Every structure is written in structure tokens, then in C-alpha cells.
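Residue-level listing of the chains:
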Amino acid sequence: MQVFTESIGQATRLLFEGSGGIWPVILTTLEVAFFSTLAGFVLGVPMGFLMGATRFRGRNIFIAVTNTFMAVPPVVIGLLVMMVLSRQGPLGSFGLLYTVDAMVIAQTLISTPIIAGLTAAAVGTVPRKLRLQARSLGASRFQEALLVIREARLGVLAAVAGGLGAVIRGVGAVLIVGGNIEGETRVLTTAIVQESRRGDFAKALALCVILLVIALALNAFITWYQHYSERSENA
Amino acid sequence: MQVFTESIGQATRLLFEGSGGIWPVILTTLEVAFFSTLAGFVLGVPMGFLMGATRFRGRNIFIAVTNTFMAVPPVVIGLLVMMVLSRQGPLGSFGLLYTVDAMVIAQTLISTPIIAGLTAAAVGTVPRKLRLQARSLGASRFQEALLVIREARLGVLAAVAGGLGAVIRGVGAVLIVGGNIEGETRVLTTAIVQESRRGDFAKALALCVILLVIALALNAFITWYQHYSERSENA
Amino acid sequence: MDVLGMTLRAEGLKKSFGARVVVDIESLEVAAGRTLAILGPSGAGKSTLLSILGLLEKPDAGTIYLDGRPVHFRDKSARMHMAAAFQSPYLFRGTIADNVAYGLKLRRVPSRKRREDISNALARVGLEGWEDRGVHTLSGGEAQRVALARAMVLRPSVLFLDEPLASLDPLAKGALASDFSRIIREDSMTTVYVTHDQNEAVSIADQLIVMRDGRSVAQGETYEVMGLPPDEWTAEFLGAGEPLEGEVVESGDDLLGIDIGGQKIWAVGTFSKGERVLVGVRPEDVLLFEGEADIPRSTARNRLDARIVDVRMWGVMHHIVLRTDGGLIASRVSHFSVRDMGLAPGAFVQAVFKATAVRVRLAPGNGSSRSSERGSFSDVTTMGAGD
Amino acid sequence: MDVLGMTLRAEGLKKSFGARVVVDIESLEVAAGRTLAILGPSGAGKSTLLSILGLLEKPDAGTIYLDGRPVHFRDKSARMHMAAAFQSPYLFRGTIADNVAYGLKLRRVPSRKRREDISNALARVGLEGWEDRGVHTLSGGEAQRVALARAMVLRPSVLFLDEPLASLDPLAKGALASDFSRIIREDSMTTVYVTHDQNEAVSIADQLIVMRDGRSVAQGETYEVMGLPPDEWTAEFLGAGEPLEGEVVESGDDLLGIDIGGQKIWAVGTFSKGERVLVGVRPEDVLLFEGEADIPRSTARNRLDARIVDVRMWGVMHHIVLRTDGGLIASRVSHFSVRDMGLAPGAFVQAVFKATAVRVRLAPGNGSSRSSERGSFSDVTTMGAGD
């Protein structure tokens, strides 16, 4: 157990020192997570609504593509984005490889299908007749869609949280396209891999604590919000 | 686009060469995936049943712990397993660090909460009255549980597939506890990270194709089985 | 209150899901302010027909007319004249006021007027002052009242109600049925009411359409259809006897004498001597007396000798099938009557009913059918001697 | 067939969910082979009571006895004597045969015998030869037949049916109700039947328990409870009139003369002169005649002068409330009678009904209550003069 007690002591000191390479890592992590989740929200929620609550020609193909994307390993996405952004790649001239932008692009490709898929499941539980009810009161198609998303808002929130969680937790894609460059593209997950492979358990553990706090706070917020929302409705 | 065409050509050659370091990597990947999913199934399905279909004191805490585990980033799990297995750690004497066993242990910690959580959701959709119905025909508690799992078998299958998918796709935990040792603990995801960081796109792409084939075949099998199962029931 | 209702008419409506024809209705019409009940068993296509009439679902073929003007599925201004409530109340998350406000907001009703309308609507459905309650706290009956208020507050010209009482227990159902009926009549809304319960249909509707497998098997004024269904299936579904066929042998002064297998049945109507007609009488209008009883003259003009062929329970009553010389008729009597009079298959009785309780129409193949006196339907399958 | 049924008795059953008392039943008993209907509105605790009696849910307090032997919630051998079917058929995935086999397999019935039993059970519910059909292809009524076969094939001593017909449309309901009733009687199973529909209860049950808010408000033989409910709420729920109170002024030869507000009502029973009694008559047993009509003597011994105070629709009938000198009584008449006789509030009529249709019991506070002649309930809230 010695390894734990020692490491925890050192990790605590590192956390409260405030100096060191920790703060840039945290900020980069949050920056990537925020923008890739925002993009995933903007793209994924309408996609999820179309898949879950409407019937159109080609819908099944659309669903199959989304499911397939959800099954693609992050390292594969990382490699493909890397190849596209590499100097010989189609977008090589923008010089995005090993930048935060590259990580946001890769993570958006991961968060979008997750948010779309979970949103589809959530809006799919809203009865079709509720939409007919809104229509019968004079709602347009767009107003119907807003109502359905509002009715399914707990599920949509969980979908966004699922996308954000995957982006925060994942390491495969950012490790490849970001390159884990200190002070630039190093994020919590890539830093943990680096420090633990170097055997610096104290620093790795300190980083883990921060990552865990972020991940679990997100989780706790969702749980709390669902309980709160259910309770206030039944009051 | 040149980078793609060139790489695809090289990747194809690598795949059909049959030699090289590719086959040990594939076999190690499948070995880790199989045993960690098996362990996740044995542990996760009963846990999921307890959470989703029964009411016991402490159930909410149990659910909260499982949800929390699902939210823990793989790199954190990797680090913790590494510290436990490291020479100074509590299980250091077994010398498991950087072995396939270490990877199976870490991946089991990832697959179990996923399988448990998804199983809980699946059995939760089986109406409580269906269990009363079985009870009224003379079923014991255990027979009731078997019936519920049988009724929710598509969802349970999806849960196991979800656990298997996470294990195959993930890189964070195995990178840390396996160490990506060629011929021993190198798996597809870690090899892709390594080759793409080395700039060997052709080899990385070849590995990606194999990983994708495994991941998408799993996905296609689940989709097919669900359709098949629904259709044969409605026949 | 002024008349809100518009005339709703439809021609050639068709809708299929895959190979299955769900709706195939040649023609129907509900006059402004009247109530049409769509009656039929599960899977008859009632709800789909209602959705099509309410411009909620697109038919494969056919046209709907509102006050004579053809309206299309995407016609927003026509939809603004309509409102609906369903078997499940489908309340939206939020308070009761949020729900009742929904359609008003879509119509850009200013907020002061909105509050007033909501308050009035809630008072009319018996939920005065309930604005701020959450919808999850309501019982089934209360939720259904909110759903009605939400539709009614829009003062629609055509109101669509799809089995609004089917999920409620009998106490709540009884209370709601009379409130719904009162509100519909007060506002003179044209109403289309789907139900599988003939009691509800009779209580609420002026006109009936009976559906089976997507098609109309009977249309007409409620009591005409109930009293003289056009075929065996409809008769069974409505709990009526089958029609008897006979010939008009006396006619004059609105009174008809009809010979049915040698027995004479008196009815009210204006058919001519020699015409062949179908005759029906509701089981609840037929009284039974012992076979030899000497019944004094009364307003019950028809007395038929009959033999009981079947006795079965029908809730608190017994349904008794009788063979007369002219065919089968049915009677509904209480448990005590069955016991006291020893009503059992084989027993001889006298079936007594009034001339005014008898429905009459021309038998098929006896010249062209006549149009109904009220004539709300352009295609009247069932019609009677009127009243 | 031999008698399968066992006597089911329960004492002091209590069950709460949180602060809400869902079931609080002092005592009930169903004799071997008889059918008890649990009747009441939604939320009255009917289904919970059935689950407790069927050893499917654990009560907070109370004991259940099977043929006099106390049985506990976990008593597997007692549970093997019971079987249940619910409002939703809850069929398991697979074929019809898989479903009907479920309980037989748990009882380790050998496969040849099992096949035979399944085939017989399916034939009895009208699904002969349907063994290999998938359950997802069935209509609601067919699925409910499979659910009954699955319970019945076990030849249970006590059968529990929880609203088995509530989800069906009237056609399917009618067909199933008579089949269910026949099968229950053929096998002499003791049966507990939950419903919110008094028509179903009357058609199927020998005994009734009416529940409200978890408590029993009336228990007894079906026709006693229907004819003379113990209080206003129950009377309203059962569609009966309220009880009238009077004094026995003539008694002898099983015939009672009862003075009610100066009018004399004849009833059948064995009470003594001077006793104060409550009297009830079902609306469907009351005929109306015009106020001045000269009604010849007949077996309908009771004629009361009455004034109409309320007329409302009750499905195909009208429910008419009448004020007599002794209090309110109700009558149910057809649409045509209402129109022909001009039945409207204020009109004077004569209410005519037979002595045998009148239910009588001692008024509260008039000495100890007597036990019922049939006496299946240890705690009879309602009892009548019998027949």
C-alpha cells in the first residue's frame, strides 16, 4: 500500500502548489471538451430528432451510419483526422496537425454520433400521438419538434452529457492528433498516460484526481438534475 | 488525397503478406477482449438484474457506484491497476504488470459497469407484473429472474456487446498497464497509436482496417440479430 | 352563445398501411353544430379516420371540406379552426395553465386575454383555480378535463374527441360524459367523437357511423342506426335484433300495418301499401308478458306471440332472444323478471312494444332508397320512418 | 368434473405504500367453487388486494387461509394451488405452447402429459391447434385466451383474474366473458375476479365486495349488494337508488308489508312486525305508468305514486329519479318511452314493481344484524330477505 500513501501525499502537494505544468493541461482539456461538445450538440440534437421522431426516405441508412460511427474506435478517428490534416493530406495546408483545433475536430467526430444516437433514443420515447396532439392545437412542424425535444429534455441532457463524458474520458484520438505537446496540446488523459509510463505515479495520480473530479462532477450534476426535475414535477 | 491512396495500397499489401507483427497483435487483442468481456458478463449481468429488477436496501448506493464507475476514465483505471500491480503495489509480488493478465484485469473493470448498467436498463423495461405473472404460475425467485433476463435478452445482448465494444475500442487502460510491448502486450489500438505517431500511416491504416472490421462486424451482428429476432417473433 | 360549428364533409377517403386498408370511406358529412360518433371495434380504423378528418394525418386519397371549401392536409388556417383530445390526455410538462395556454400562444393571443380564457375554460370543465398545479399530480379524469379545456379554449369550429373516456373508471366516466356533452352543446361546436362503446355514442351523438375493417357499415341518425342496423354483424355489435322483413298492408295517418310472417306489426311511417320493408325494434323497448296473460289495451299496440330460444346475461340485465312467426326479436329484462316469470328457452311469452318504438325502412331491391328527412349524410345507409 | 376449489379466507389484511393505506380489509371469505368479484373505481386497491390474496405480494399485516389452513407469502406449496391472469396478458416470448407449458414445466409434468394438457386447455378456450403460433401475432382477445389457458391448465384450486376483459373492445369482451364464466363454472374453481365494471361483476360473480380507498364498503351476495347498497356512495357507484327506511306493518307467509312514509311496499322476507328496515329496488325492475292509468291487478304488487325529479341519459336507456312519499327511487326506461310518455321533471307517474324485486334488511341501530342465509362472508355488511 506504500505506493498509494506516498503518491497521494505527493499528489496533494502538486495540486495545491499551483505551479508546474498542471494548469495549462486542465485548461486545454476543458477547451477541447467544451468546443467539441458544443459542436456535437449543434449537429447531434437535430440529427437525433430526425432519426428518433420522424420518418423519411433514407432514415434507416442514416441510423446505420450513425451507429457505425459510434462503433468506430477513437484511435481510428484519430488516425483518419491525422491523415487528413497531415502535410500531404487534403487539409494539410491549414497546418492544423498537433493543435487544439485538430483535437476539437477529432473529438467532435466522436461526440456527435453519441449525442445523436442518445437523442434519437430519448425523443423516440415521446409518443407520436403527443405530436399529433400539438399539431391538432395548431403547431407547425418546427413547433412540434421543439415540443418533442422539450418533453424529452432529460434524455437530451443525458445525451449531451454522454458526448461530453466520452470527450473528457477518451485518450485515443487526442493522443494521435494532438501529439501530447507540453504547454500546447497536452490534456489530462494524455498527460496521465505519459506520467504513468514514466513511472511518476505521484504526478499521474494528481492528474487523475482532477480528471475524476471533472468526470464525476458531470455525472453527479446529471443525476441531481434528473432527480430534481422529477421531484419538482411531482410536487 | 495522395496520402490515402498510397497508404491504402501499402496497407493492403501488409494485410495479405501474413507476416510481420500483425498477427500477434490481433490475437492479443481478441484474447484480452474475450476474457474481459466474459468476466464482465459473469459479474455484470447479475449486478444489472439486481439493480434493474429488484428493490433492496442499499440499491440506490449500488446504482450510484456503478454509474460512477462507468464515468471513470479508462486512463484512471489503467493507472490504479498499474499502481496495484506495480512492484511496490499490494499485488506486486505476482509480477503481472505489463502482461496480458494485467490488461484483462483493467478491461474487466471497464466492461463490468457498462454491462451491469445496460443490463439494468434492459431488465427495467420488463413489466413488474410479468414477474408477478410468473410467480402466480409457481415460479421461484430464481426462475423469475431467469424469465426476466430471457424476456430482456435483446437488451442484455446489447449490454454485452457494449462492454465488448468498449474493450475493443479503448486504448487508455491497456496502454498504461500493458505497456505496448511488441509480441507480448501490443494490441490493435496501442499499435495504431504507436505507428501513427511514428508517421507510418500505411501500417497504422492496415491495423485500423482490421480493428474496424472487428468493431463493425460486432455492430452488424447485433443489428442483424435484433432484426432477425423481432422478425421471427412476428412470423 | 353564437354558433361556432362549421360543416365537415369528406369524400373518398382512403388510407392504407402497407397492404392493409385502414380507412376506406366513400362519403360522410356532419352539419354545423352537430355531433357524429364513429363507432366500431378495435382495429376498425376509427382513430385513423379521425386523424384524417382532423388534418393530422394525410390520406392516400380523398378530400375534406370545411363549410364547403376543400382543405388540404397542410392548410394551416383550416387547422386553426380545429382542435382535438385523445384517449390519453397527452399533457405537456408543466402546469395546467401552461397546457391550456399552448394553442393560445400559437395563435398569439395577448397574455392578459390568455389568462382570462384559461381561467374561463378551467371553470367550465370544473377545475376553477387549478392553473398552477403540475400535470403530474392529476388523476386520469382530471387530466382528461385539462385536455378538453386545452382544446375547447381555442373555440374550435370542429372538435375531435378520440375515445376521451375509454381509460376512465365508470364513476369518472359518468361525470365526464355529461360535462363533455353539455359543453359541446353549449358551444355548438361540430364534433367528431370516436368510441367503441355504444352507450357513450348514444349519449353524446346525433349521428352515427359504424365502422368495420376501415369501411362504413352503417351511417345515419343515432336512433335510426341503433333501432334498425343494416346487417347481422352491425346488429350483433349494437346489441340489437336482426331486421325482420315484411309487407306494408295498411297505411294511413302516419300509421303502418306491416305483415310479418302472418303477424301484424304496427309502426309509424309513410310507406305505401304493398311495399316490402325491413322492421327493427330495440330489445330495451320490448316488454315480456306471460303467454296466457290478458293484457289490457294500452299505448303498446304491438303484441306478438313468441317462444324463448335463448337467455343470456347482459350485465345487470338478461338478453332474451324470441322466435316469432316473422323471425327473431330480442328483449332485455331484469334478473328478477327472469326468475319470477321462469323465462327459459322453450317458454311461451307475449312480446309487447309500442308502434313508435319500431324502426322501418325499405327492404333492399325494392326500388331506390329514399333520402332521410334530416339528410345530414349524403350517403345514408340506414334510415327510418322518422319522428 | 370434480370440485377443484378450496375455500379462501382472509383476516385483517393491511397494506400501505408510504403513508397511503392501499388495502385495509377486516375479513373476507369465498367458499370452495364460488366466484367473488372485487368491484370499485380506479385506485380503490382492488388489484393490490388480489395480489395479496394470490400470495404475489406480501401484506403488512393479516393472514390468508386456504381450506382453513393459514398460508404465508412464501408458502410455495400453497402457491402451487393458485394461478392468475391479468388485464395485460403478459405472454412470454415464444409460442403459445411455450406459454401454456410454463407452469406445467415448473410442476415437472412429463412432456407427453404436458402436450396433452396444453392441447385440451387450448381447445377449451377456443384456440384448438394453435400451439405453434407466435404470441406476437395474436389479437388482444386471443392473447387473453392464452393467458387464461396458461392459468387454467394448472387446474388451480383458486383462480385470480385481474380485469381480464378491461382492455378489450365490446365484441371481444362479450365473447370472452361468457367463455370465462363457463370455464370457471365447469371446473368449480374458487375464483377472485377484479373489475371496475358492475355488468361484468354481475355476469360472473356469486359474491361481491365493493372497495373504496382500500376499504370494503359493501360485501355480500351479488344481487343483495346490487339491490340494496349500504350507503349513498355505493348506491351511486352501482347505479342503484338509495335505500328507503320504513317499518314492517304486516308479516306472514313470507310476505312483508312495509310502511314507508305512508305508502305501503310489499316485499318477500321474514322480518317481524314493528321492526325498522331498509328497502331497495333496482332501477331496471321499476316500470313506469302514466299517473292516471288504471293498471289491472298483476304480479307486480307494488304501485307507488311518484313525481319525476331528474331524467338523464344512461347509454341506450334513461335513468329517471322519482320522488315518492317515502323517498327517492329510480327507474330505467328506454328512449322511446321517455319521448312517448313525456317523461320530464315534474311529471306524475306510477312506479310499479314486484314484491320479489324488493331487497330488505334491518335498519342500523335496530338490534343486532342477522347473518345471511347463504353466509359465505363472516362479515356481512349487506344482506337481504333472500329468495
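This one's a predicted model, so the numbers in the text were calculated from it and none came from an experiment.

Definitions and cut-offs
- Residues numbered from 1 in each chain as written.
- Chains lettered and ligands numbered in written order.
- Predicted model: local features only at pLDDT ≥ 70, side-chain atom pairs only at ≥ 80, totals over all residues.
- Heavy atoms only, no water.
- Helix = DSSP H or I, 4+ residues; strand = E, 2+ residues; numbered from the N terminus.
- Contact = heavy atoms within 4.5 Å.
- Areas by Shrake-Rupley, 256 points an atom, 1.4 Å probe, with all protein chains shown as cover.
- Lys, Arg positive; Asp, Glu negative; His and termini not counted.
- Charge placed at Lys NZ, Arg CZ, Asp CG, Glu CD.
- Buried area = accessible area lost by both parts, 1.4 Å probe.
- Salt bridge = Lys/Arg side-chain N within 4 Å of Asp/Glu carboxyl O.
- Polar contact = N/O pair within 3.5 Å; in protein donor to acceptor, adjacent residues only side chain to side chain.
- Nonpolar A, V, L, I, M, F, W, Y, C, P; charged D, E, K, R; others polar.
- Buried < 20%, exposed > 50% of the residue type's maximum accessible area, 1.4 Å probe, protein only.
- Phe/Tyr/Trp six-rings, centres within 6.5 Å; stacked < 30°, edge-to-face > 60°.
- Lys NZ or Arg CZ within 6 Å of the ring centre and 35° of its normal.
- Pairing = 2+ DSSP bridges.
- Axes fitted to C-alpha atoms, helices over the stretch in contact; angles between N-to-C directions.
- Parallel < 35°, antiparallel > 145°, perpendicular 65-115°, else oblique.
- pLDDT = per-residue confidence, 0-100.
- Left-handed = near helix turned anticlockwise from the far one by under 90°.
- Patch = residues over 30% accessible without salt bridge, like charges linked within 9 Å, V, L, I, M, F, W, Y side chains within 5 Å.
- Least-squares fit on C-alpha atoms with pLDDT ≥ 70 in both.
- Expected span 1.5 Å × (residues − 1).

### As for the overall build of chain A
Line of reasoning, step 1. The helix and strand inventory of chain A stands at 11 helices and zero strands.
Line of reasoning, step 2. Secondary structure elements of chain A occur, N-terminal to C-terminal, as α-α-α-α-α-α-α-α-α-α-α.
Line of reasoning, step 3. Within chain A, contacts between residues at least 6 apart in sequence are counted, and of these 73% link residues at least 24 apart.
Line of reasoning, step 4. When the accessible area of chain A is evaluated, it comes to approximately 10,400 Å², of which 66% is carbon and sulfur surface.
Line of reasoning, step 5. For chain A, the separation between the mean place of its 18 positive charges and that of its 12 negative charges on side chains is 16 Å.

### Some points on the interface of chain D and chain B
Line of reasoning, step 1. In this complex, chain D contributes 31 residues to the contact, which on the side of chain B involves 22 residues.
Line of reasoning, step 2. Carbon and sulfur atoms supply 51% of the area buried between chain D and chain B, which totals about 2,400 Å² over both sides.
Line of reasoning, step 3. Joining chain D to chain B, the criterion identifies two salt bridges.
Line of reasoning, step 4. Residues Arg 128 of chain B and Glu 57 of chain D are paired through a salt bridge, measuring 3.4 Å at the closest nitrogen-oxygen approach.
Line of reasoning, step 5. Linking chain D to chain B there are 11 residue pairs in polar contact (both at pLDDT 80 or more).
Line of reasoning, step 6. Elements supplying a minimum of two residues to the side of chain D that touches chain B: helix H1 (46–53), helix H2 (76–79), strand S6 (82–85), helix H3 (96–106) and helix H5 (140–152) of chain D.
Line of reasoning, step 7. For the side of chain D that touches chain B, the element with the most residues is S6 of chain D, which contributes four residues.
Line of reasoning, step 8. Considering only residue class, the side of chain D that touches chain B consists of 17 nonpolar, six polar and eight charged.

### Some points on the pattern of salt bridges
Line of reasoning, step 1. Under the defined criterion, the tally for this structure stands at 52 salt bridges over all chains.
Line of reasoning, step 2. Here Arg 141 of chain B ties to Glu 144 of chain B by a salt bridge, and the two come within 3.9 Å at their closest N and O atoms. You can see Arg 141 of chain B and its partner Glu 144 of chain B sitting in helix H7 (residues 141–151), three residues apart, about one turn around the helix.
Line of reasoning, step 3. On the basis of relative accessible area, Arg 141 of chain B is assigned to the partly exposed category, the value being 36%.
Line of reasoning, step 4. A relative accessible area of 1% means that Glu 144 of chain B is categorised as buried.
Line of reasoning, step 5. A single network of salt bridges, built from pairs that share partners, joins Arg 124, Arg 145, Asp 179, Arg 182, Glu 186 and Asp 187 of chain C.

### A look at the packing of aromatic side chains
Line of reasoning, step 1. Taken as a whole and assessed by the stated rule, the structure comprises 18 aromatic pairs over all chains.
Line of reasoning, step 2. Pairing Phe 86 of chain D with Tyr 90 of chain D gives two aromatic rings, centres 6.3 Å apart and planes at 75 degrees, and the pair type is edge-to-face.
Line of reasoning, step 3. Ring-pair connections join several aromatic residues into one group, and the members of that group are Phe 221, Trp 224, Tyr 225 and Tyr 228 of chain A.
Line of reasoning, step 4. A cation over a ring is seen here: Arg 9 of chain C above Tyr 65 of chain C, with NZ or CZ 4.3 Å from the ring centre.
Line of reasoning, step 5. Above the plane of the ring of Trp 266 of chain C lies Arg 301 of chain C, whose end atom (NZ or CZ) is 5.8 Å from the centre.

### Considering the sheet that holds strand S17 (residues 317–324) of chain C
Residue and element names in this part refer to chain C.
Line of reasoning, step 1. An order of S15-S19-S16-S17-S18 is seen for the five strands of this open sheet, with the pairing classed as antiparallel. Where the open sheet ends on each side, the last strands, each with one partner, are strand S15 (287–290) and strand S18 (327–334). When strand polarity is set aside, the average angle formed by the axes of neighbouring strands in this sheet is 45 degrees.
Line of reasoning, step 2. The sheet contact formed by S17 and S18 spans eight bridges and is antiparallel. Paired with Met 317 across the bridge in S18 is Ser 334.

### Structural notes on the packing of helix H1 (residues 2–17) of chain A against helix H4 (residues 74–85) of chain B
Describing two packed helices takes the angle between their axes plus the distance from one axis to the other.
Line of reasoning, step 1. Running from amino to carboxyl end, H1 of chain A crosses H4 of chain B at an angle of 130 degrees, the nearest separation of the two axes being 9 Å. Between H1 of chain A and H4 of chain B, the angle is such that the two are oblique. Contacts between H1 of chain A and H4 of chain B involve Val 3, Phe 4 and Ser 7 of chain A from the former and Leu 80, Met 83 and Val 84 of chain B from the latter.
Line of reasoning, step 2. Residue composition of the contact of H1 of chain A with H4 of chain B, by class: five nonpolar, one polar and no charged.

### Things to note about the confidence of the model for chain C
Line of reasoning, step 1. Averaged over every residue, the pLDDT of chain C is 86; the share at 70 or more is 92%.
Line of reasoning, step 2. Considering only residues more than four positions removed or in separate chains, one finds that residues 367–387 of chain C, a stretch of pLDDT under 50, has 56 contacts.

### Topic: the packing of helix H10 (residues 188–198) of chain A against H4 of chain B
Line of reasoning, step 1. Interaxial distance between H10 of chain A and H4 of chain B falls to 9 Å at its minimum, and their mutual angle equals 20 degrees. When the axis of H10 of chain A is compared with that of H4 of chain B, the two are roughly parallel. As H10 of chain A runs across H4 of chain B, the sense of the crossing is left-handed. Contact with H10 of chain A, carried on its side by Thr 189, Ile 192, Val 193 and Ser 196 of chain A, involves Val 75, Leu 79 and Met 82 of chain B of H4 of chain B and no other residues of that element.
Line of reasoning, step 2. Across the contact of H10 of chain A with H4 of chain B, the residue classes break down as five nonpolar, two polar and no charged.

### Digging into the side chain of Asp 75 of chain D
All names here are of chain D.
Line of reasoning, step 1. Among the structural elements, Asp 75 can be located in the loop between strand S5 (69–71) and H2.
Line of reasoning, step 2. Looking at Asp 75, the relative accessible area reads 18%, which means it is buried.
Line of reasoning, step 3. For Asp 75, the contacting residues outside a window of four places in its chain are Leu 55 and Arg 69.

### As for a nonpolar patch on the surface
All names here are of chain A.
Line of reasoning, step 1. On the surface, a nonpolar cluster with roughly 480 Å² of combined accessible area is contributed by Phe 34, Phe 35, Leu 38, Phe 41 and Val 42.
Line of reasoning, step 2. Positionally, Val 42 belongs in helix H2 (residues 22–53).
Line of reasoning, step 3. Accessibility expressed as a relative area gives 52% for Val 42, which makes it exposed.

### Things to note about the relation of the copies chain B and chain A
Line of reasoning, step 1. Expressed as a screw transformation, the operator carrying chain B onto chain A has a rotation angle of 180 degrees and an axial translation of 0.0 Å, and the superposed copies differ by an RMSD of 0.0 Å. With respect to symmetry, the two chain copies, as superposed, fit the operation of a two-fold axis.
Line of reasoning, step 2. Comparing interface residues between copies, 100% of those in chain B also lie at the interface in chain A; the contact surface is shared.

### What about H4 of chain B?
Residue and element names in this part refer to chain B.
Line of reasoning, step 1. Helix length check: H4 (12 residues) gives 16 Å between terminal C-alpha atoms against 16 Å at 1.5 Å per residue, within 8%.
Line of reasoning, step 2. Counting buried positions along H4 yields nine of 12 residues, so the element is predominantly enclosed.
Line of reasoning, step 3. Those residues of H4 not exposed but buried are Val 75, Val 76, Ile 77, Gly 78, Leu 79, Val 81, Met 82, Met 83 and Leu 85.

### Description of the interface of chain B and chain A
Line of reasoning, step 1. With 43 residues of chain B in contact, the opposing surface of chain A contributes 43 residues.
Line of reasoning, step 2. Contact between chain B and chain A buries roughly 3,700 Å² in total, counting both sides, with carbon and sulfur atoms accounting for 79%.
Line of reasoning, step 3. For the interface between chain B and chain A, the tally reads zero salt bridges.
Line of reasoning, step 4. Where chain B packs against chain A, one counts two residue pairs in polar contact (both at pLDDT 80 or more).

### Some words on the sheet that holds strand S15 (residues 287–290) of chain D
Residue and element names in this part refer to chain D.
Line of reasoning, step 1. Pairing is antiparallel in the open sheet, where five strands are placed in the order S15-S19-S16-S17-S18. Looking at the sheet topology across the chains shown, the edges are occupied by S15 and strand S18 (327–334). Sheet twist, expressed as the average angle between the axes of neighbouring strands with direction ignored, equals 45 degrees.
Line of reasoning, step 2. Sheet topology places S15 next to strand S19 (residues 348–353); four bridges connect them, and they run antiparallel. Paired with Leu 287 across the bridge in S19 is Val 352.

### Here we look at the arrangement of the chains
Line of reasoning, step 1. Looking at the four pairs of chains with contacts, the pair that accumulates the most is chains A and B.
Line of reasoning, step 2. Over all C-alpha pairs, chain B and chain C never come within contact, reaching a minimum spacing of 16 Å.
Line of reasoning, step 3. In this view chain A stays clear of chain D, with the nearest C-alpha atoms of the two still 15 Å from each other.

### Observations concerning the environment of Ala 83 of chain D
Line of reasoning, step 1. Looking at the element boundaries, Ala 83 of chain D is found in strand S6.
Line of reasoning, step 2. Given the relative accessible area of 1%, Ala 83 of chain D is considered buried.
Line of reasoning, step 3. Along the backbone, Ala 83 of chain D and Val 23 of chain D are 60 residues apart, and their C-alpha atoms lie at a distance of 21 Å.
Line of reasoning, step 4. Among residues more than four places away in sequence, those in contact with Ala 83 of chain D are Ser 136 and Leu 137 of chain B together with Ala 151, Leu 154, Pro 156, Val 158, Leu 159 and Phe 160 of chain D.

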